[in-house]
Each structure stands twice: as C-alpha cells, then as structure tokens.
Number of protein chains: 2
Amino acid sequence: MRAEADGKLGVYNIPLREMLTYRLSRLNARLNAQAAKILKESSGLSQAQWRVMVMIDAYGPIPPAQIVRASLMDKGQLSRTIKAMAAQGLIRINDSESDHRSHLISLTDRGRTLFERARPAMQARQSQLAGTLGGDDRAAFHRVLDRLEQALDAAE
Amino acid sequence: MRAEADGKLGVYNIPLREMLTYRLSRLNARLNAQAAKILKESSGLSQAQWRVMVMIDAYGPIPPAQIVRASLMDKGQLSRTIKAMAAQGLIRINDSESDHRSHLISLTDRGRTLFERARPAMQARQSQLAGTLGGDDRAAFHRVLDRLEQALDAAE
DNA sequence: GGAAAAAGGTTGATCCGTCAACAAAAAATG
DNA sequence: CATTTTTTGTTGACGGATCAACCTTTTTCC
C-alpha cells in the first residue's frame, strides 16, 4: 500500500541511503542490536560487561586503565560498569599493591560461568559475519576501514 | 612508555582490535564525532536536525512518517526533534488537509539559512571521505555493507 | 456502516556514550 | 626533596537512541 510511496522516494534524489556514513551508522546500530540480543538471551550480560570480560579473559587480572587503553572505552562508563559487575558478583576487585589509586579486577566463578555461556554464541556470530564475506572482500573491508581512519586522523 | 605494555597486549590474543564489529563501531563513533563538530561549528545544528533538513530539502514539505520510512529514525526521537526545531524557528508545521493525524513540515527562512550554511562543509566532508577510497575500494565497501546487511536480515 | 486492525504521533522510561570537573596518588622535574 | 605534571578513578550532566504505552485517525474488511 505504501510501497508505492516508498518507491517514489528514491527516484529523483538520494539523500541518505547511499551516503556512506549513514549506511555505516545504520549497519552499526543493527549489529549492536544483534549483539545485545544474543548476550541478553544467552547470559543477560550487557555489551559493556561483555567487553570487560573479554579483556579480563585475554589479559588476566588487569587494572581498569589498561582496559581503557586497549578498548578505548570511556573511563567513566567503565567505572560504572565495573561497579555494577562487582555488585552482581561477576568480578572481584583487589586493591593494587603497587599503585594505591588503582586495583585489579578479575572474574569470579559466577562471572566466568556467564562468560562461557555467552561465548559460543558470540564467537559463532563473529565467524558467521566474517564468513559471509569472501577473503577478498574481508581484506578490502579492512583496507577501507584503515583508509577512513587515516582520513579522520588527517582531519585531526 | 606504555607502548611496550600495549604492544604485549596483542601478542597472544586479539580480543577486540581486529574484530570487525568493534572496528566498525569505533569508526562510526569517530565519524559521528566529526559530523557533530562540523555541524556545531558551521551552524549549531544537531545531527538529527541535519538529517531532518536533508529530508525536507530532498522531498519538499513532508509528513514525519515519511522521514521515518526513508531514514529509519525512531519516530519518538523524530517527534522530539521536530518539536525542538519548531521551537527554534527552523521549521514550520502545517496541518495536513487529507490526514488529520499528520502534518507537513517545511523549512523556514531561518532554517534554510542554517541549512545552507552547514551544507558546504558537510558535502566537502562526504566527498573527502569518498575520495580517500579508490573507486574499486568504494565498490567493495558497498558490496561488503550489502552482504553484512543481508546476513543480518537472514538472522532475523 | 460498524468493528477490528493498522498507521501517525506524543510521551515517559531507560540505557549508552561522551564530556567535564574533581580528588587522590604517583611520576617527573628542577 | 618540594613542586608541578600526569595518571587513575569517581561522579554528575547531557544528548542520542530504543522501547513501550497510549491516544487519535484512517483503513480494512465483513
């Protein structure tokens, strides 16, 4: 019924749909929604919590500052995420001996259980996405991302 | 100083940096920040306001529902954006004759002035970004986005 | 033509991400 | 060693995006 109206839209001008930044942001929103859904169904974790767990899993007990450096998360958001995770018993916070401003966070058993519960689905998603691209396309994609990032760097 | 620590991070595991969804989301965040900055400096518009103006410019006076269909904006957010723009005198809201639920929005002179003030910088940015990619890469990029969107569609 | 379904819009709640201000501790510098 | 600078983390504020509930009007369908 409205298909006709929608069809007409694209005819004489292409305001948004073809713009690359717009496409990127829509795609990103959809990918986020998908990840959030998978996490919620498999484990109830938020994406921020998942990211923190991935970092702990990869690097062992680490200080928040290291997560900020490696993941580019905002430190404010990270601070809140950590506090919530500790309250839920997902992570343990130990004061650092060497630096009295900081502390080391690590997964509790409960945290690890949830992490392992979410991991298969998250990995499957990642490989499914990677798998829909041929090797050539994947390489091209990374090349494009590199270029765009360089362009952003150049523009300060 | 910390280059050494960061260097070590990537050695035995690649938790975030290489994952395509992560790269996409970082790039998207940076692009958004850049657009927001350009808009703010050139015209004081928000991205949502800019998008509404682009749609009006392309399609003439239109009902909000059409913007929702064409841009995939959330109708709640759009409703608020429109209210704010009307309050700032950027757009005019006329009741629709044919549909008493709806109305038609169009740019005021003031709105058009701001739009024209922002447009050159926004277009320059768009072509600068497109220009940093070769034609081949740009085609590959669109192909990849298509594939990823299809993959998302397939996953419901 | 009347009941049910769909579409248009508004509003409120909530979450996420970013930014700025701040306090405490550590590192750098002279 | 004292002072300045940097790093770390916490907190508050704000805009953006999403979701759900709701009301009104239009469309569909019998």
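Above this note sits the structure.
The shown structure was predicted, so the numbers you read here are calculated from the model rather than taken from an experiment.

*Asks:* Break down the interface of chain B and chain A for me, with residues and values.
*Replies:* Every contact between the two is made by 54 residues of chain B and, on the other side, 53 residues of chain A. Around 6100 Å² of area is buried between chain B and chain A when both sides are counted, 62% of it from carbon and sulfur atoms. On the surface where chain B and chain A come into contact, there are 10 salt bridges. Residue Arg143(B) pairs with Asp137(A) through a salt bridge whose shortest N-O separation is 2.8 Å. In this assembly, chain B and chain A are joined by 16 residue pairs in polar contact (both at pLDDT 80 or more). Of all elements in the fold, only helix 1 (3-9), helix 2 (20-42), helix 3 (47-59), helix 4 (64-71), helix 6 (109-132) and helix 7 (135-154) of chain B reach the threshold of two or more residues within the side of chain B that touches chain A. For the side of chain B that touches chain A, the element with the most residues is helix 7 of chain B, which contributes 14 residues. Grouping the constituent residues of the side of chain B that touches chain A by class yields 26 nonpolar, 12 polar and 16 charged.

*Asks:* Summarise helix 5 (residues 75-87) of chain A; cite the residues concerned and give the values.
*Replies:* Residue and element names in this part refer to chain A. Taking 1.5 Å as the rise per residue, helix 5 with 13 residues should run 18 Å; its terminal C-alpha atoms sit 18 Å apart, in good agreement. Listed in full, the buried residues belonging to helix 5 are Leu 78, Thr 81, Ile 82 and Met 85. Down the axis of helix 5, the buried set is contained in an arc of 100°. They therefore lie on one face. Residues Arg 80, Lys 83 and Ala 87 are exposed on helix 5 and point more than 90 degrees away from its buried face. Buried positions along helix 5 lie against helix 3 (47-59), helix 4 (64-71), strand 1 (91-95) and strand 2 (103-107). One side-chain oxygen of the residue at the start of helix 5 lies 2.9 Å from the amide nitrogen of Gly 76, identifying that residue as Asp 74.

*Asks:* Any details on the protein's contact with DNA strand C? Residues and values, ideally.
*Replies:* Surrounding DNA strand C, one finds 22 residues, the nearest of these being Gln77(A), Ala65(B), Arg80(B), Arg101(B) and Ser102(B). Among the atoms of DNA strand C lying within 4 Å of the protein, the sugar-phosphate backbone contributes 57%. In the model, a phosphate oxygen of DNA strand C is placed 3.4 Å from a nitrogen or oxygen of the Arg51(A) side chain. Measuring from a phosphate oxygen of DNA strand C, one finds a side-chain N or O atom of Arg69(B) at 3.2 Å. Elements represented by at least two residues in the surface near DNA strand C include exactly helix 5 of chain A together with helix 4 and helix 5 (75-87) of chain B. For the surface near DNA strand C, the element with the highest residue contribution is helix 5 of chain B, accounting for 5 residues.

*Asks:* Let's hear about the relation of the copies chain B and chain A: which residues, and what values?
*Replies:* With an RMSD of 0.1 Å, the operation that places chain B on chain A is a rotation of 180° combined with a shift of 0.0 Å along the axis. Such a combination of turn and shift is consistent with a two-fold rotation axis. A symmetric contact is evident, with 98% of the interface residues of chain B recurring at the interface of chain A.

*Asks:* An account of the packing of aromatic side chains is requested, with residue identities and associated values reported.
*Replies:* Inspection of every chain in the model, using the stated rule, returns 3 aromatic pairs over all chains. When the centroid spacing of 5.9 Å and the interplanar angle of 15° are considered together, the rings of Phe141(A) and Phe141(B) count as stacked. You can see Phe141(A) sitting in helix 7 (residues 135-154) and its partner Phe141(B) sitting in helix 7, one on each of two chains. Here Phe141(A) falls in the buried class, since its relative accessible area comes to 0%.

*Asks:* Give a description of helix 7 of chain B that names residues and reports values.
*Replies:* When the terminal C-alpha atoms of helix 7 of chain B are compared, their 29 Å separation across 20 residues agrees well with the 28 Å that a helix rising 1.5 Å per residue should span. Taken together, the buried positions of helix 7 of chain B are Asp137(B), Ala140(B), Phe141(B), His142(B), Val144(B), Leu145(B), Leu148(B), Ala151(B) and Leu152(B). Tucked into the core, helix 7 of chain B has its buried residues touching helix 2 (20-42), helix 6 (109-132) and helix 7 of chain A.

*Asks:* So what about the protein's contact with DNA strand D? Which residues, and what values?
*Replies:* In the region of DNA strand D, 23 residues are neighbours, and Ala65(A), Arg80(A), Arg101(A), Ser102(A) and Gln77(B) sit closest. At the protein interface, 57% of the atoms of DNA strand D within 4 Å belong to sugar or phosphate. At a separation of 2.6 Å, a phosphate oxygen of DNA strand D approaches a polar side-chain atom of Ser79(A). Here a base oxygen of DNA strand D and a side-chain polar atom of Arg101(A) are 2.3 Å apart. Those elements that place two or more of their residues in the surface near DNA strand D are helix 4 and helix 5 of chain A together with helix 5 of chain B. Take the surface near DNA strand D: its biggest share by element is 5 residues, from helix 5 of chain A. When its residues are assigned to classes, the surface near DNA strand D shows 5 nonpolar, 8 polar and 10 charged.

Cut-offs applied
- Residues numbered from 1 in each chain as written.
- Chains lettered and ligands numbered in written order.
- Predicted model: local features only at pLDDT ≥ 70, side-chain atom pairs only at ≥ 80, totals over all residues.
- Heavy atoms only, no water.
- Contact = heavy atoms within 4.5 Å.
- Buried area = accessible area lost by both parts, 1.4 Å probe.
- Salt bridge = Lys/Arg side-chain N within 4 Å of Asp/Glu carboxyl O.
- Polar contact = N/O pair within 3.5 Å; in protein donor to acceptor, adjacent residues only side chain to side chain.
- Helix = DSSP H or I, 4+ residues; strand = E, 2+ residues; numbered from the N terminus.
- Nonpolar A, V, L, I, M, F, W, Y, C, P; charged D, E, K, R; others polar.
- Expected span 1.5 Å × (residues − 1).
- Buried < 20%, exposed > 50% of the residue type's maximum accessible area, 1.4 Å probe, protein only.
- Arc of directions from axis to C-beta.
- Near = heavy atom within 4 Å.
- Least-squares fit on C-alpha atoms with pLDDT ≥ 70 in both.
- Phe/Tyr/Trp six-rings, centres within 6.5 Å; stacked < 30°, edge-to-face > 60°.

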